[in-house]
Amino acid sequence: MAAPSTASVAISRNPNLKSSRKLHAPLSAHSNLRFSTSISPKFPCKSITTASFTALTTAASVPRFATVTASATSFHGLCYVVRDNIDTDQIIPAEYLTLVPSNPDEYQKLGSYALIGLPSSYETRFIESGELKTKYTIVIAGQNFGCGSSREHAPVALGAAGVSAVVAESYARIFFRNSVSTGEVYPLETEVRICEECSTGDVVTIELEENKLINHTTGKEYKLKPVGDVGPVIAAGGIFAYARNTGMIPSQAA
């Protein structure tokens, strides 16, 4: 496997974070990198999103996993379950947006506030008081996850907290796009309401190659939609790391 791109920057010292992370930049900085999206009439903000990229030709840094297989295609850990319409204010309140993700200390601090805006009806805290990381490495949600403002900090905060993937019925279009562009979490989709069949603390495994989620606590399996062409972008550490690895834009070392 080729070494990770020199353009990547490790912005967390946590040993559970396996990948190098880039300095975050707006997706629109390069007009030749475009996403095609379609919005389902079933739900106003539901999106099924793909990226029109060629296959990843250069091996990239391995993404963050609770458990990493040799092919880096599975996630295993405890899940945290939320319902519909979890907005970005609940994922990371605006008061914490002054934290700069490219600063390692502030990146970790940002993660410690992930999902702190959830209402009191969520009795189980996503991150225990005084901790920087969550023990829940997979978030399971309902419809329209990540709605609200377009802050890039939302998927970054989840990634910094130690989340590897979100599994939801649907996403707000901008959250899906930001998840891919930052490379922080895999935004996976399911056609059934897994959030009503799983409970916070269940032990689950996601198999990307087989497009399935296994709940070991209940013994049930669920089919996931294929991650598609955005998979290599996320695995590379985000859209700019991917573009540099594939020669679409010059590397910083060039």
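Rules and cut-offs
- Residues numbered from 1 in each chain as written.
- Predicted model: local features only at pLDDT ≥ 70, side-chain atom pairs only at ≥ 80, totals over all residues.
- Heavy atoms only, no water.
- Helix = DSSP H or I, 4+ residues; strand = E, 2+ residues; numbered from the N terminus.
- Buried < 20%, exposed > 50% of the residue type's maximum accessible area, 1.4 Å probe, protein only.
- Contact = heavy atoms within 4.5 Å.
- Areas by Shrake-Rupley, 256 points an atom, 1.4 Å probe, with all protein chains shown as cover.
- Axes fitted to C-alpha atoms, helices over the stretch in contact; angles between N-to-C directions.
- Parallel < 35°, antiparallel > 145°, perpendicular 65-115°, else oblique.
- Left-handed = near helix turned anticlockwise from the far one by under 90°.
- Nonpolar A, V, L, I, M, F, W, Y, C, P; charged D, E, K, R; others polar.
- Phe/Tyr/Trp six-rings, centres within 6.5 Å; stacked < 30°, edge-to-face > 60°.
- Core = buried A, V, L, I, M, F, W, Y, C linked by side-chain atoms within 4.5 Å.
- Disulfide = S-S within 2.5 Å.
- pLDDT = per-residue confidence, 0-100.
- Polar contact = N/O pair within 3.5 Å; in protein donor to acceptor, adjacent residues only side chain to side chain.
- Pairing = 2+ DSSP bridges.
- Right-handed = clockwise from strand over helix to strand, strands pointing away.

Engineer: Teacher, can you tell me more about the overall build of the chain here?
Structural biologist: Secondary structure summary: the chain contains six helices and nine strands in total. Residues classed as buried in the chain amount to 55% of the 254 residues present. Expressed as a percentage of contacts within the chain between residues at least 6 apart in sequence, the contacts between residues at least 24 apart total 70%. For the chain, the accessible area works out to roughly 11000 Å², and carbon and sulfur atoms hold 50% of it.

Engineer: What is the right way to look at the packing of helix H3 (residues 153–161) against helix H4 (residues 173–182) in this model?
Structural biologist: For any two helices packed against each other, the geometry comes down to the angle between their axes and how far apart the axes lie. The interhelical angle for the contact between H3 and H4, taken along N-to-C directions, is 55 degrees, at an axis separation of 8 Å. Classified by the interaxial angle, the pair formed by H3 and H4 is oblique. Viewed along their axes, H3 and H4 form a crossing whose handedness is right-handed. Contact residues: H3 offers Ala-154, Pro-155, Val-156 and Leu-158, while H4 offers Phe-175, Asn-178, Ser-179 and Thr-182. Residues that form the contact of H3 with H4 fall into these classes: five nonpolar, three polar and no charged.

Engineer: What exactly am I supposed to notice about the packing of aromatic side chains here?
Structural biologist: One pair of aromatic rings is described through two measures. These are the centre distance and the angle between the planes. A complete count under the given rule lists nine aromatic pairs for this structure. Residues Phe-145 and Phe-175 carry aromatic rings whose centres are separated by 5.1 Å and whose planes lie at 85 degrees to one another, so their mutual orientation is edge-to-face. Taken as a pair, Phe-145 in the loop between strand S4 (136–140) and H3 and Phe-175 in helix H4 lie far apart in primary sequence, 30 residues in all. Residue class for Phe-145 comes out buried when judged on its relative accessible area of 1%.

Engineer: Could you clarify how one ought to interpret the nonpolar core in this entry?
Structural biologist: If you look at soluble globular proteins, the nonpolar side chains tend to sit buried side by side. Core analysis: the biggest nonpolar cluster contains 62 residues, and Phe-126, Ile-140, Phe-145, Leu-158 and Ile-206 have the highest contact counts within it. Residues contacting Ile-140, with those up to four places away along its chain left out, are Cys-79, Tyr-80, Val-81, Val-82, Val-167, Ile-194, Cys-195, Cys-198 and Leu-213.

Engineer: Just checking my understanding: could you explain the state of the cysteines for this structure?
Structural biologist: A disulfide bridge is the covalent bond that connects two cysteines by way of their sulfur atoms. Under the definition given, this model contains zero disulfides. A disulfide-free cysteine, Cys-79 has its sulfur positioned 5.3 Å from the sulfur of Cys-198, the nearest such atom. Judged by relative accessible area, which is 0%, Cys-79 ranks as buried.

Engineer: Teacher, can you tell me more about the confidence of the model for the chain here?
Structural biologist: For any part of a model where pLDDT is low, the fine detail of the predicted coordinates should not be relied upon. Chain-level statistics for the chain give a pLDDT mean of 78 and a share of 71% at 70 or above. In this model residues 1–71 is a low-confidence stretch, pLDDT under 50, and it forms 171 contacts with partners more than four residues away in sequence or in other chains.

Engineer: Would you mind showing me how to read the side chain of Thr-246 here?
Structural biologist: Topologically, Thr-246 is positioned in the segment after helix H6 (239–245). From its side chain, Thr-246 meets the backbone oxygen of Tyr-242 in a polar contact 2.8 Å long. From its side chain, Thr-246 meets the backbone oxygen of Ala-243 in a polar contact 3.4 Å long.

Engineer: I would appreciate a short explanation of the packing of helix H2 (residues 104–112) against H3 in the present structure.
Structural biologist: Following both chains from N to C, one finds H2 and H3 inclined at 95 degrees, their axes separated by 7 Å at the closest point. As summarised for this structure, H2 and H3 are arranged roughly perpendicular, according to the angle between their axes. Contacts between H2 and H3 involve Tyr-107, Leu-110 and Gly-111 from the first element and His-153, Val-156, Ala-157, Gly-159, Ala-160 and Ala-161 from the second. Residues belonging to the contact of H2 with H3 are distributed by class as follows: six nonpolar, three polar and no charged.

Engineer: Got a minute to help me understand the pairing of strand S5 (residues 165–168) in this structure?
Structural biologist: Each regular strand carries side chains that alternate between the two faces of the sheet. Both faces of S5 are covered, namely the face carrying Ala-165 and Val-167 and the face carrying Val-166 and Ala-168. Two strands pair when backbone bridges link them, and S4 and S5 are joined in this way by three bridges, in the parallel orientation. Along S5, the bridge assignment pairs Ile-138 with Ala-165. Each parallel crossover has a hand, and for S4 linked through H3 to S5 it is right-handed. As paired strands, S5 and strand S6 (residues 186–189) are joined by four bridges and run parallel to one another. Across the sheet, residue Ala-165 finds its bridge partner in S6, namely Tyr-186. Note that the unit made of S5, H4 and S6 has a crossover that is right-handed.

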